[in-house]
Amino acid sequence: MSSPETGPDGDLPAVAPQLRALRRQAALTLEAAARAAGLSPAHLSRLETGQRQPSLPMLLSLARIYGTTVSELLGETVADRDAVIRAADMEPTAAGGWTYRQAGAPGRGMQALRLHVPFGSQGDIVRVHPGEEWLYVLTGRLRLRLGDTAHRLAPGDSAHFDSLTPHRIAALDPDGVELLFVHTLLQSPTAALCLGPTPGETP
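Criteria and thresholds
- Residues numbered from 1 in each chain as written.
- Predicted model: local features only at pLDDT ≥ 70, side-chain atom pairs only at ≥ 80, totals over all residues.
- Heavy atoms only, no water.
- Helix = DSSP H or I, 4+ residues; strand = E, 2+ residues; numbered from the N terminus.
- Buried < 20%, exposed > 50% of the residue type's maximum accessible area, 1.4 Å probe, protein only.
- Contact = heavy atoms within 4.5 Å.
- Areas by Shrake-Rupley, 256 points an atom, 1.4 Å probe, with all protein chains shown as cover.
- Phe/Tyr/Trp six-rings, centres within 6.5 Å; stacked < 30°, edge-to-face > 60°.
- Pairing = 2+ DSSP bridges.
- Axes fitted to C-alpha atoms, helices over the stretch in contact; angles between N-to-C directions.
- Polar contact = N/O pair within 3.5 Å; in protein donor to acceptor, adjacent residues only side chain to side chain.
- pLDDT = per-residue confidence, 0-100.

Novice: Explanation requested: the overall build of the chain in the structure shown.
Specialist: Summing up its helical and strand segments, the chain has five helices and 11 strands in all. Relative to its 203 residues, the chain shows a buried fraction of 43%. Once local pairs closer than 6 in sequence are excluded, the contacts in the chain between residues at least 24 apart make up 69%. Carbon together with sulfur atoms contributes 53% to the accessible area of the chain, which is approximately 9900 Å² in total.

Laid out in structure tokens, this is it:
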């Protein structure tokens, strides 16, 4: 049984109240925010009431729409916007099968994450949104599809692309892939974003 401060799996802070509060702070209706995120109003409502847990791509899309960061959506704060992020302070958070650690301070124009993408997780999700993304493979091998072109990245390889290009990320190895991931944050809380279809997921 989960406590009010954690999600059903005990691995996420109380995201639901933050989602609702930040949407209202951005002066967006449930319908407008859901449309911008490519979700149905009913699905977003379930996220805001804690009946469903958001995946990492959903958190990223909602953070962009609300002009904030995943850290703020999760209720995390970093005192005084420290320039240096210590490894001991990078608490792991699970979302949608992925595990990520904040690798940068909140409130910046970019968000830096350290991600672990398990094998077979979310590889069929197509993402399309304004901004830029940069990733660097630390361990494992990654399949990155940009538009109609598929790339295989090994440790030490990186990619920097316009995220309006439809893109997918998937681990090629059974142990998954570890990568550094940096994306730009949209400062306008009403900036549009489209998260592509997720097979098997009914909004």
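Novice: Where do I start with unusual backbone geometry in this structure?
Specialist: Glycine aside, residues mostly have negative phi angles, and peptide bonds mostly take the trans form. The backbone phi angle of A27 is positive, close to 60 degrees, even though this residue is not glycine. On the secondary structure map, A27 appears in the loop between α1 (15-25) and α2 (30-37). The class for A27 is exposed, based on a relative accessible area of 67%.

Novice: Would you mind showing me how to read the packing of aromatic side chains here?
Specialist: Centre distance and the angle of the planes are the two values used to describe a pair of aromatic rings. Following the criterion strictly, the structure yields one aromatic pair and no others. Seen in terms of ring centroids, W134 and Y136 are 6.2 Å apart; in terms of plane orientation they differ by 15 degrees. Their pairing is stacked.

Novice: How should I be thinking about the pairing of strand β7 (residues 149-153) in this particular structure?
Specialist: Successive residues of a regular strand alternate their side chains across the two faces of the sheet. Sheet topology note: the strand β6 (residues 142-146)/β7 ladder contains five bridges and is antiparallel. The partner of L144 across the bridge, within β7, is H151.

Novice: Is there a simple way to think about the sheet that holds strand β5 (residues 132-139) in this case?
Specialist: Each strand in a sheet pairs with its neighbour through backbone hydrogen bonds, running either in the same direction (parallel) or in the opposite one (antiparallel). Overall, antiparallel pairing links the six strands, which are arranged β1-β2-β3-β10-β5-β8 in an open sheet. Two strands bound the open sheet, and with one partner strand each, they are β1 (93-95) and β8 (158-162). Looking at each pair of strands side by side, their axes are set apart by 25 degrees on average, direction ignored. Across three bridges, the pairing between β1 and strand β2 (residues 98-102) is antiparallel. The partner of A94 across the bridge, within β2, is T99. Its contacts with the sheet place helix α4 (residues 56-65) against β1, β2, β3 (110-117), β5 and β10 (177-184), and it is angled at close to 15 degrees to β10.

Novice: Looking at this structure, how should I read the environment of T29?
Specialist: As for its position among the elements, T29 is in the loop between α1 and α2. You can call T29 partly exposed: its relative accessible area is 45%. For T29 and P41, which are 12 residues apart along the polypeptide, the C-alpha to C-alpha distance reads 9.4 Å. Within polar-contact distance, the side chain of T29 engages the backbone nitrogen of A32 at 3.0 Å.

Novice: So what exactly am I meant to see when it comes to the confidence of the model for the chain here?
Specialist: Within the chain, residue pLDDT values average 77, and 78% of them lie at 70 or more. By mean pLDDT, the top-scoring element of the chain is β7 (96), and the lowest-scoring one is strand β11 (residues 194-195) (30). Every residue in residues 187-203 is under pLDDT 50, and counting partners more than four places away or in other chains gives 53 contacts.

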